[in-house]
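Commentary on secondary and tertiary structure
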Amino acid sequence: MNRDDVDWAGYFPAVVTPFTESGALDPTTMHALINQYAERGMHGVAVNGTCGEWFSQSVDERKTVAETAVAAAAGRMRVLIGCTSNTVENVAELARHALDAGADGVLVSPPPYIKLFPNEVVAWYEEISAAVQGPIVVYNWPHGTGIDIDSDLADRLADIDSVVAIKDSTPNVDQFFETSRRVRDRVRVFGPYMSARGVEVLRTEGGDGTVGGGSLFGSPDPQFWENYWAGDFDAMERYAAVQDQLFPKLWLPGGWAGIYGGYQSQLKALMHMLDQPAGHVRRPRLPVSDPAALDAMRAVLVDEGLLNSTARHA
């Protein structure tokens, strides 16, 4: 398999997993969120990645989340299911279940905590490829795995059978664009193209898509890619300018955490302000509850035109 065996492209929200206030899995709210994403024109969703708090779920819960996402999408957009774990056997069990449930592909990072060496990373994905035999997305998540898949290593991973894409969340932007140049002939690349620099790279070299934390903007997120495919770079530049301005007001450099709380905690708080189904976080994550922090986040949304001014005091 390679990039030509899948049609994945555009904007894929990284989907939060809603929990109730008491910490129970909330499939009803998740179904509503996936449905909202489909109605807003998303090209796909990435489920049970970092935003999805997979690390707080049992195996059975992760399978329920996968089934819920596929059912809610109902063929209207592509569904990628995160299957990261600490052993190939666990990854393979989750991946085979996701594909059997109707997912289009699976998303797998190197195992967290272990800090594999490059040869070990290659062996990890080779073993998963042999065990799963379905479309695999390499997920480079340095903050969670302790390693950064650089361009040389990505080049090696792109040759593994069943690896058809990479979601690259490196904080090193120069490295990301070098990786994009190196591997796009073989795998689809998802990363920070929705920026001023990204637009220029799309104009001159090309790119495939972005898997972003939720979708605060809604329909304008997939529209960015529709504009790209239509060649409307002026519209893309206007949107990228807004994104470049918003990001540092809410997220720490590298996008691994919010200024006001954990990534999932802050994202869910923002989603609630925007009337998006989000549910609650599950421990060990704690919600953003400080009134001053919540007011500051509302003010950012108001200033960026995502929320009307009356919501500042709602």
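The notes below deal with the structure included here. For clarity, every value in this text was computed on a predicted model and none was experimentally measured. (Residues numbered from 1 in each chain as written. Predicted model: local features only at pLDDT ≥ 70, side-chain atom pairs only at ≥ 80, totals over all residues. Heavy atoms only, no water.)

1. Digging into the state of the cysteines
A complete count under the given rule lists 0 disulfides for this structure. No disulfide involves Cys51; its sulfur sits 16 Å from the nearest other cysteine sulfur, which is in Cys83. (Disulfide = S-S within 2.5 Å.)

2. Details of the environment of Asn140
By the element assignment, Asn140 lies in strand S5 (residues 136–140). Taking C-alpha positions, Asn140 is 8.6 Å from Val108, a pair spaced 32 residues apart along the chain. Every residue in contact with Asn140, bar those within four places of it in the chain, is listed here: Ile147, Asp148, Ile149, Lys167, Asp168, Ser169, Thr170 and Gln175. (Helix = DSSP H or I, 4+ residues; strand = E, 2+ residues; numbered from the N terminus. Contact = heavy atoms within 4.5 Å.)

3. Focus: the packing of helix H11 (residues 263–273) against helix H12 (residues 291–303)
Viewed as axis vectors pointing N to C, H11 and H12 meet at an angle of 60°, and their least axial separation amounts to 10 Å. Comparing the axis directions of H11 and H12 gives the class oblique. Between H11 and H12 the crossing geometry is right-handed. In this structure, H11 contributes Gln266, Ala269, Leu270 and Met273 to the contact, and H12 contributes Leu294, Met297, Arg298 and Leu301. (Axes fitted to C-alpha atoms, helices over the stretch in contact; angles between N-to-C directions. Parallel < 35°, antiparallel > 145°, perpendicular 65-115°, else oblique. Left-handed = near helix turned anticlockwise from the far one by under 90°.)

4. Comments concerning the packing of aromatic side chains
One pass over the structure, following the stated rule, counts 13 aromatic pairs. The interplanar angle of 70° and the centroid separation of 5.2 Å between the aromatic rings of Phe176 and Tyr193 together place this pair among those described as edge-to-face. Highlighted residues: Phe176 in helix H7 (residues 173–183) and Tyr193 in the loop between strand S7 (188–190) and helix H8 (196–204), separated in sequence by 17 residues. Each member of the pair, Phe176 as well as Tyr193, carries the same accessibility label: buried. A ring pair is formed by Phe224 and Trp225, whose centres lie 5.4 Å apart and whose planes are at 75°; its orientation type is edge-to-face. (Phe/Tyr/Trp six-rings, centres within 6.5 Å; stacked < 30°, edge-to-face > 60°. Buried < 20%, exposed > 50% of the residue type's maximum accessible area, 1.4 Å probe, protein only.)

5. Let's talk about the packing of helix H9 (residues 220–230) against helix H10 (residues 233–250)
Closest axis-to-axis distance for the H9/H10 pair is 8 Å, and the angle between their directions is 145°. Two packed elements cross with a definite hand, and for H9 against H10 that hand is left-handed. Counting all contacts with H9, which are made through Pro220, Asp221, Phe224, Asn227 and Tyr228, the residues of H10 involved are Phe233, Ala235, Met236, Tyr239 and Gln243. Of the residues belonging to the contact of H9 with H10, the class tally is 7 nonpolar, 2 polar and 1 charged. (Nonpolar A, V, L, I, M, F, W, Y, C, P; charged D, E, K, R; others polar.)

6. Remarks on the nonpolar core
Counting residues in each nonpolar core, the largest one holds 104 residues, and the members touching the most others are Trp8, Ile34, Val47, Ile81 and Leu157. With residues up to four places along the chain from it excluded, the contact list for Leu157 reads Val121, Val122, Tyr125, Val138, Ile149 and Val163. (Core = buried A, V, L, I, M, F, W, Y, C linked by side-chain atoms within 4.5 Å.)

7. Here we look at unusual backbone geometry
Negative phi is the rule for most residues except glycine; trans is the rule for most peptide bonds. The step from Arg283 to Pro284 runs through a cis peptide bond, and the omega angle for that step is 20°. With respect to the helices and strands, Pro284 occurs in the loop between H11 and H12. Located in the positive-phi region is Ala74, a residue other than glycine, with phi close to 50°. Turning to its location among the elements, Ala74 is positioned in the loop between helix H2 (59–73) and strand S3 (78–82). Unlike most non-glycine residues, Ser162 shows phi in positive territory, near 85°. As for its position among the elements, Ser162 is in the loop between helix H6 (151–157) and strand S6 (163–168).

8. Regarding the pattern of salt bridges
Scanning all chains against the criterion turns up 21 salt bridges. Of the charged contacts, one joins Arg203 and Glu237 as a salt bridge, the two residues approaching to 2.5 Å between their closest N and O atoms. You can see Arg203 sitting in helix H8 and its partner Glu237 sitting in helix H10, a full 34 residues away along the chain. For Arg203, a relative accessible area of 38% puts it in the partly exposed group. A residue is classified by how much of its surface remains accessible, and Glu237, at 36% relative accessible area, is partly exposed. (Salt bridge = Lys/Arg side-chain N within 4 Å of Asp/Glu carboxyl O.)

9. With respect to the pairing of S5
Of all 5 residues that make up S5, 5 are buried, and the element is covered over most of its length. Residues Ile136, Val138 and Asn140 of S5 are buried on one face, and the alternating residues Val137 and Tyr139, pointing to the opposite face, are buried as well. Two strands pair when backbone bridges link them, and strand S4 (residues 105–108) and S5 are joined in this way by 3 bridges, in the parallel orientation. By the bridge assignment for S5, Leu107 is matched with Val137. Handedness of the β-α-β unit built from S4, helix H4 (residues 118–132) and S5 comes out right-handed. Note: S5 against S6, 5 bridges, orientation parallel. Among the inter-strand pairings, Val138 is bridged to a residue of S6, identified as Ile166. (Pairing = 2+ DSSP bridges. Right-handed = clockwise from strand over helix to strand, strands pointing away.)

10. Describing the environment of Gly258
Position of Gly258 relative to the elements: it lies in the loop between H10 and H11. By relative accessible area, which is 7% here, Gly258 ends up buried. A sequence separation of 10 residues divides Gly258 from Pro248, and the C-alpha atoms of the two residues are 9.6 Å apart. Contact partners of Gly258, with chain neighbours within four places excluded, come to Leu250, Trp251, Leu252, Tyr263 and Gln266.

So far we have only geometry, and geometry alone does not tell us how the molecule works.
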